[in-house]
Amino acid sequence: MKLKLIYWTLGSAVIVFVLYLIFSPSSTGEGNEILSETKLGKFKVEITTSGELEALRSVQVLGPTEARRFRVGNFTIENMVDEGTVVKKGEFIASLDKTELFGRLEDKRLDFEQIQAQYEQIQLDTSLVLRAERDNLLNLEYMVGEKRLVLEQSEYEPPAIIKQNEYNVERAIREFEQAKERYRIKTMQEKARMTEVTAKLREVRLEVTQMEDVLEKFVVLAPQDGMVIYTQGRGGKVREGSQISSWSPVVATLPDLTAMQSVTFINEVDIRKVKPGQLVELNLDAFPEKKLTGVVTKVANVGQQRPNSDAKVFEVIVKVNESDPLLRPSMTTGNSIIVDEFEEALYVPLEAVNVENDSINYVYLKNGTKQEVKLGMANANDVIIEIGLKEGDKVYLSTPSWGQNVAVKLLDELNGKRNDQLEETLAGNVDFTSLSHPMQEDQ
């Protein structure tokens, strides 16, 4: 038993010693330092940001704008569907209080009845007056004929009698002509009275009809398919019980959910890379499994400052290519704007790149070399290596213990171009001075 115990003890000690030799930092020179491999493959340069969905097109749902013609200043919303309700064209959205306009309509109906009675009275008066004038004309015409007959029969009477009968005929003719002129003038007067009262009656009838039509519009219906979104008023969102002005009677907005866009903001460092026409990959926070695509349609020319931030940002509009019933306004989207794509590129993690003397980009290789590299485009995680490495090279993601006193192995191709190359890299890709591990050393 003692011999067996000795063997077990010696075996355990050997195993522990072997493990120490394998995993000891001094045996490899790497310690806890992490290595990564240079990769060759497809490389995508993208800018990732969050955005908010909104409808590409939306329609304002309005109350009766014609009501202000009838001195109605404000409407009170009596009933209204809940915000977010999806409606079809012609379906109910809200109803407005009709009390004020209904009172004015009743007053106008009374005016209409009074004017209609006045119209009928004038019509009767005109008929009677003109009939009397026509009767008088007929009588005077008979009188002229009678006087002429007397004149003809007095052919053998004394000259004085004949002369008197001639005067009587002339007087009868004159009175008849005067009566005809009076009838003409009277007819014009009565026509004017009828025209005036007819116009007034037509005007009041039209106002009554228009008020009745406007009253029907106090029940607000959807002008198109969409989702009801409450609009902002002076006292907050316009909802049931709110008042709206007849000069701006916006009850709600109705976005077209078949065409959506994502509104996002890009910081001033990256905005130079974003251009209309670039492809965008989108995902939804509410539905992580849903993958969408889009295209940049608009890039703001003027920056703005977002709340609680000192950084300047630029608004970017991304049109969503797909139409999906799951998409809703105000949903949060993750937007990856594709700045550039390379079918084949050699790249390493950003953490592997270091900077010396503000002009030399280099990496630490596993073989103990401090190798200068020429950088290309970068994304959020990796950077393209144009010159200095080959596929499969092992690079450190942090400064190894042996790297402090090792000189950089410079590239002949970059002689005289290092400052320009660094400036282009920093301007076009990423600010390496902001990475988490020390990047500027041995200066």
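Read on for a plain summary of the structure. What you see is a predicted model; the values in this text were computed from it and never measured. (Residues numbered from 1 in each chain as written. Predicted model: local features only at pLDDT ≥ 70, side-chain atom pairs only at ≥ 80, totals over all residues. Heavy atoms only, no water.)

## Description of the overall build of the protein
Cut-off, in case you're wondering: Helix and strand definitions here come from DSSP, where helices need a minimum of 4 consecutive H or I residues and strands a minimum of 2 consecutive E residues; each element is numbered from the N-terminal end. Here's how the labels work: a residue is buried when its accessible area is under 20% of the maximum for its type, exposed when over 50%, partly exposed in between, all with a 1.4 Å probe on protein chains only. In what follows, a contact means two residues having at least one pair of non-hydrogen atoms within 4.5 Å. Computed by Shrake-Rupley with a 1.4 Å probe, the accessible areas treat only the displayed protein chains as cover when residues are assessed.
When helices and strands are tallied, the protein shows five helices and 26 strands. Looking at the protein as a whole, 37% of its 443 residues are labelled buried. Expressed as a percentage of contacts within the protein between residues at least 6 apart in sequence, the contacts between residues at least 24 apart total 78%. Put simply, the protein shows about 26,500 Å² of open surface, and 52% of that area lies on carbon and sulfur atoms.

## A few points about the sheet that holds strand 13 (residues 250-255)
Applicable threshold: By definition, two strands form a pair when at least two bridges between them are found by DSSP.
Taken in spatial order, the three strands make up an open sheet running 3-13-9, and their pairing is antiparallel. Looking at the sheet topology across the chains shown, the edges are occupied by strand 3 (58-62) and strand 9 (229-230). Pairing of strand 3 with strand 13 involves five bridges; the strand directions are antiparallel. Considered in strand 13, the bridge of V61 is made with A252.

## Some details on the environment of R57
With respect to the secondary-structure elements, R57 resides in the loop between strand 2 (39-55) and strand 3. Considering only alpha carbons, one finds R57 and P255, 198 residues apart in sequence, at a separation of 6.0 Å. When near neighbours in sequence (up to four residues on either side) are disregarded, R57 contacts P255, D256, T258 and A259.

## Details of the side chain of N354
Keep this limit in mind: Pairs of N or O atoms are called polar contacts if they sit within 3.5 Å, as long as, within protein, a hydrogen donor faces a hydrogen acceptor (for residues adjacent in sequence, only side-chain-to-side-chain pairs).
Along the chain, the position of N354 falls in strand 20 (residues 354-356). Exposure remark for N354: the relative accessible area of 1% places this residue in the buried category. At 3.2 Å, the side chain of N354 and the backbone oxygen of A352 are in polar contact.

## Remarks on the packing of aromatic side chains
Put simply, the test is: Whether two aromatic rings pair depends on their centres lying within 6.5 Å, for rings of Phe, Tyr and Trp, where Trp uses its six-membered ring; planes under 30 degrees apart make the pair stacked, over 60 edge-to-face, and the rest tilted.
One pass over the full model with this rule turns up five aromatic pairs. For the ring pair Y362 and Y364, a centre distance of 5.5 Å and an interplane angle of 85° mean the geometry is edge-to-face. Each member of the pair, Y362 as well as Y364, is classed as buried.

## Considering the pairing of strand 21 (residues 360-364)
The element strand 21 is extensively covered by neighbouring structure, given that five of its five residues are classed as buried. Covered by surrounding structure in strand 21 are I360, Y362 and Y364 together with N361 and V363, the residues of both alternating faces. Where strand 20 lies against strand 21, three bridges are found, and the strand directions are antiparallel. Paired with N354 across the strands is Y362, a residue of strand 21. Counting the residues between successive antiparallel strands, the hairpin from strand 20 to strand 21 contains three residues, one of them, N357, with a positive phi of roughly 60°. In this structure, strand 21 lies alongside strand 22 (residues 370-372), joined through three bridges in antiparallel fashion. If you follow Y364 over to strand 22, its bridge partner there is K370. The antiparallel hairpin formed by strand 21 and strand 22 contains five residues in its connecting segment, where G368 sits at a positive phi of about 90°.

## Observations concerning helix 3 (residues 99-153)
Definition in use: Helix span is expected to be 1.5 Å times the residue number reduced by one.
Between its first and last C-alpha atoms helix 3 spans 81 Å; for 55 residues at 1.5 Å apiece the expected length is 81 Å, and the two agree. Residues of helix 3 that are buried include every one of L101, L105, K108, F112, I115, I122, T126, L130, E133, L137, L140 and V144, and no others. Structurally, helix 3 contributes buried residues whose contacts are with helix 4 (159-216).

## Section: the layout of surface pockets
The condition that has to hold: Both cavities and pockets are sets of points on a 1 Å grid over the protein atoms alone; in a cavity a 1.4 Å probe fits but cannot get out, in a pocket the set is open with protein on both sides within 12 Å along at least five of seven lines, and lining residues sit with an atom within 4 Å of a point. Grid points are joined across faces, edges and corners, and a volume is the space filled by probe spheres set on the points.
When its volume is computed, the second largest pocket comes out at roughly 270 Å³. Along the wall of the second largest pocket there are 14 residues; nearest its centre are G233, R234, V238, Q243 and I244. Taken together, the elements giving at least two residues each to the lining of the second largest pocket come down to strand 10 (232-233), strand 11 (236-237) and strand 12 (243-245). Of the residues forming the lining of the second largest pocket, the biggest block, three residues, is contributed by strand 12.

## A closer look at the pattern of salt bridges
Put simply, the rule reads: The term salt bridge refers to a pairing of a side-chain nitrogen on Lys or Arg with a carboxyl oxygen on Asp or Glu at a separation within 4 Å.
Inspection of the entire model under this criterion finds 20 salt bridges. Of the charged contacts in the structure, one is a salt bridge between K180 and E177, with a shortest N-O distance of 3.5 Å. Placement of the pair is K180 and E177 together in helix 4, with a separation of three residues, close to one helical turn. For K180, a relative accessible area of 35% corresponds to the partly exposed category. D324 is the salt-bridge partner of K290, the closest N and O atoms lying 2.9 Å from each other. Residue K290 is located in the loop between strand 15 (279-284) and strand 16 (291-299), and its partner D324 is located in the loop between strand 18 (312-320) and strand 19 (332-349); the two are separated by 34 residues in the primary sequence. What makes K290 partly exposed here is its relative accessible area of 22%. Given a relative accessible area of 14%, D324 falls into the buried group. Each of E106, R109 and E212 takes part in one network of salt bridges that share partners.

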